Every structure is written in C-alpha cells, then in structure tokens.
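The primary structure of each chain is shown beneath.
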Amino acid sequence: MSLLDEYSIFTTMKQDGPFAVSDGVALRRHFSGESRNWARQFNGDRLLVTKYRVVRAQIFDFLQIEHFEEMSQLLVDSALRARRSERAYRLLGSLFGITGSTSEIRSKIKEYAQTADAVINLMRDKLLAPYAAYVETNNEIETTHDPVDLLLRVFDNRFHKKARFEAKRKLMLMNLAGAIDQRERETDIENKFYTFLEFLNRNVWSPRLKIGELESSYLLSRHDPADFRCLDVRVITPQARAQINALETDQKLTLVKRRQFQEGDRDIPVYVSVRKKNSAAKVLKLLRKNEKNPAVAVDDELGLMAVLDTISDVKRFVRHMTRSAIKAGSLMTLEDISDTLTGGSARDARNVGSSGKTPMLKFFARMGGMRVELILHTNASYLNYRYQRDIAHDEYEVKRIFDSGVAEFLFPSDIYTLDMNQIRQVLLEQFRWNIENAGRLHGYAG
C-alpha cells in the first residue's frame, strides 16, 4: 500500500487529489468555470468528497471562519490573525494533551515544527544530498512555526506554488510529530530508555570493564565478487591491523568497538548498538507505513543490535539477557521471534524495500514494563547486513524510502522537477560503489 495510491490515508497531500497545490489560488471561485471543472473531476468518488468536506470543515473551525473568502481578511489583519493564533494554540494543546500555559503550548508546538523541518533536512542531507539544492525548503516556510500562519500561506497567492506546498507539508508533518510526542508522553519512553541503559550497565555487561569502556577490534573479511557476501571473517587486534598496508579487491576491514558479558569465568566480546528512534525517524516510519497512529506503526522505539563471534555466542547472549532480567527482578519474555541465523527459513519481507534474505535472530524482549527490539548477528551475518548486494542496509534505506512512495510524496515531481525513479537507481549505484570501494586505498573500510 503506497502513499501515492488510492489507499493512501494522507489524502490532503496528494498532488492528483482535491487538495493539490496549483499555480495560483482563487478564494472567490464558487461559480467559476475552474470551480465547476474541479467539482466534476472528483464528484464521482464519494469517499473523496466526504474527506474533502471534513478537512474543509476542520480548516474553517481552526481559523474560526465560515467561508474561504474570509481568509482574505486574516491575510491582511495582523491583530485578528494574532487572536485566531492564540485560540488555535489552545485548541492544539488540548488535541495533543499538552498541559501548561499558552507559552508552554507554543514552545511544544514549535518543537513539532522543528521536527517537521528535521524530517526534510534528514532527507536533504542524507539520501538526497546530491540534490540538496532542489529539495531545500523555502526560508519563509522553514522559519515559520505558527500553525495559523502556515495554514494561511497555503491559501496566500503571494507565495509561490512550491512555498505553499511546503507550508501544507510542514503542517502535515507537525501533526505526525504531535501524535508521536503524545504517544511518547503516554508510554514514558524517555524514562524507559534510561532504565534500559541502566539495566544493561548494572546487569548485562561485564563488571570488569568500566561503564562505557569499549575494546577496539577489526573484522578482516573476504567477500564473494558475485554478490559481495561474506565468505570468511576473522577478528584481528589493532596491532595486527597496523601491519596491513593494503586490502585485496575482495577484502574489507571493519572496526567494531566491543563490550563484554560474562559466562562463568569467561568474558565474551559483543559489539552493541543501542538506539531510541528520534522523532524525525518515527515520522518517516509513519509515512512509510501509510499510518498516522504511532501506537500501530512504531513498535520498535527501543532497540539493541548485538554482534557476536559465533552462533553459540549468540545463544549464550540470549540466555544471559534472560538471566540478567531475573537478576534485576523481572521475567523476560521473547515475542515475535524470527530466526534465519541458525538455518531457519527466510523471513517474509513485510516492509516495502525490505529483503527477507537478511540472516539474523530478531525478537522483542518484554521486561520491566518495556518492550525492546533485539537484533542479533554473528560477525559474518553483520558484514552481510553491511555489505552484501541487495541486502546491505544502506541499499535498504534507499529502497524503502523510494519504493514506499515517501520520496515522491514529500517532493512531488511537478513541484521539484525530480525523477525519483531515476534518482533511486543512481543512489543505489552510488551506495554500492561506496560499500565495495570506500577506504581501499588506505587499507581501511570500516
């Protein structure tokens, strides 16, 4: 289900729908030929007509008007606009469960606006960096945080089509950011993340190392030229790495900074990445999932990825985690287990752009009032996750943003004059070249 097809729940953003941003705005067009043509175009889809009427009513209620023509007065009367803005902030505060004074509500809504900007900047600075000049947001929109001002700019003919689209897009992203913030406050995610880190430091990692102490190692691997999957890998020390002057064409050298956990008297090394999704990443996930409810779409707010030397060590780590939870006073249950690491069948690629070929042990661990996603790798499967063709995470990032329709949704071709299908292929080729060649002249690519 794409953001761009008839099943998209983001109807107001579609450039082929009744809310499309056109070259100009005519607030007084009830009986014009343009208005009649517009009505005939969409009148056959009764659901779309209903959605249009609902959104129109919301716009009128939000601005405290009865007709589109009344926007003209708001556009020129700054005192009236300020009063409507004050009222709008109170309404939004109630909508998102924000308590406090109007200034506190304004501050929180400004955070939503900054998250909306961060979503676009993330796309601009990462995946679409070669096209940054095409997709950067107009200054007049990026520096505006007041929802009333943004909404009025959608209907202000003084603004260019691109700026009016960006004002509407920012409002949509702010709404998602607000839903995410409300969900985070309801689930107390910040405290849970801190609690999870404390659990790891107190109960999981070896007490022989200080908190935050990491030991550097390198994975020296050889890869199949056909698909760049890992054929063999060995762990080497920084001293051994210093003796390597150059890599062969089928080799990679990857730095891993590892912690340790104890099994009896044995310290077992493990490379760990712990993360809490930031708001911009959650907004993008809602878009990819074609979903507005964070409780439904964002089930992996807390996550841990661990890389161990062998499958036996992976099994030891899982057992160590469950025992550590008991030690901390909580049972740990494992849910939604998916295991292709030990020879199980390939996972269903349920997410757009995802590869079911990626070997891993994946599950959700429920403990202490938290639900944490754990992804476990061996060194070899981790290197495949990093480097193998059609599996590498960098390629996956490109595919899921473009194949889900998010790229075209945020930067429609009729406004940004970009061919997203062509850009997708170019980016995949660039990422593939970087994966296989970056750092080779210096004997280091990790």
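Small disclaimer: the values here were computed from a predicted structure and weren't measured. (Residues numbered from 1 in each chain as written. Predicted model: local features only at pLDDT ≥ 70, side-chain atom pairs only at ≥ 80, totals over all residues. Heavy atoms only, no water.)

### Points about the sheet that holds strand E4 (residues 266–276)
Okay, so step 1: One open sheet accounts for 8 strands, arranged E2-E1-E3-E4-E5-E8-E7-E6; its pairing is mixed. Each having just a single partner strand, strand E2 (230–236) and strand E6 (333–339) make up the two edges of the open sheet. On average, adjacent strands in this sheet sit at an angle of 35 degrees to one another, irrespective of strand direction. (Pairing = 2+ DSSP bridges. Helix = DSSP H or I, 4+ residues; strand = E, 2+ residues; numbered from the N terminus. Axes fitted to C-alpha atoms, helices over the stretch in contact; angles between N-to-C directions.)

### Structural notes on the pattern of salt bridges
Okay, so step 1: Overall, the coordinates contain 34 salt bridges when judged by the stated rule.
Okay, so step 2: With its nearest N and O atoms 3.7 Å apart, the salt bridge here joins Lys-161 to Asp-23. Taken together, the positions of Lys-161 in helix H9 (residues 161–187) and Asp-23 in the segment before helix H1 (33–42) put the pair 138 residues apart, joining distant regions of the chain.
Okay, so step 3: Take Lys-161: its relative accessible area is 13%, and that puts it in the buried class.
Okay, so step 4: Accessibility expressed as a relative area gives 66% for Asp-23, which makes it exposed.
Okay, so step 5: With a shortest N-O distance of 3.3 Å, Lys-161 and Asp-414 are connected by a salt bridge. You can see Lys-161 sitting in helix H9 and its partner Asp-414 sitting in helix H18 (residues 413–416), a full 253 residues away along the chain.
Okay, so step 6: Looking at Asp-414, the relative accessible area reads 41%, which means it is partly exposed.
Okay, so step 7: Residues joined in a network through salt bridges with shared partners are Lys-108, Glu-111, Asp-181 and Arg-185. (Salt bridge = Lys/Arg side-chain N within 4 Å of Asp/Glu carboxyl O. Buried < 20%, exposed > 50% of the residue type's maximum accessible area, 1.4 Å probe, protein only.)

### Notes on the packing of aromatic side chains
Okay, so step 1: Within the structure shown, the criterion is met by 13 aromatic pairs.
Okay, so step 2: Judged by centre distance (6.3 Å) and plane angle (75 degrees), the rings of Phe-165 and Tyr-416 are edge-to-face. You can see Phe-165 sitting in helix H9 and its partner Tyr-416 sitting in helix H18, a full 251 residues away along the chain.
Okay, so step 3: On the accessibility criterion, Tyr-416 (2% relative accessible area) is buried.
Okay, so step 4: Arranged with centres 6.3 Å apart and planes meeting at 15 degrees, the rings of Trp-205 and Phe-317 form a pair that is stacked. You can see Trp-205 sitting in the loop between helix H10 (189–204) and strand E1 (215–223) and its partner Phe-317 sitting in helix H14 (residues 311–327), a full 112 residues away along the chain.
Okay, so step 5: When its relative accessible area of 9% is taken as the criterion, Trp-205 is described as buried.
Okay, so step 6: According to the relative accessible area criterion, Phe-317 is buried, its value standing at 0%.
Okay, so step 7: Ring pairs connect the aromatic residues Phe-60, Phe-68 and Phe-155, which therefore count as one cluster.
Okay, so step 8: We note Arg-241 situated over the ring of Tyr-218; from NZ or CZ to the ring centre the distance is 5.8 Å. (Phe/Tyr/Trp six-rings, centres within 6.5 Å; stacked < 30°, edge-to-face > 60°. Lys NZ or Arg CZ within 6 Å of the ring centre and 35° of its normal.)

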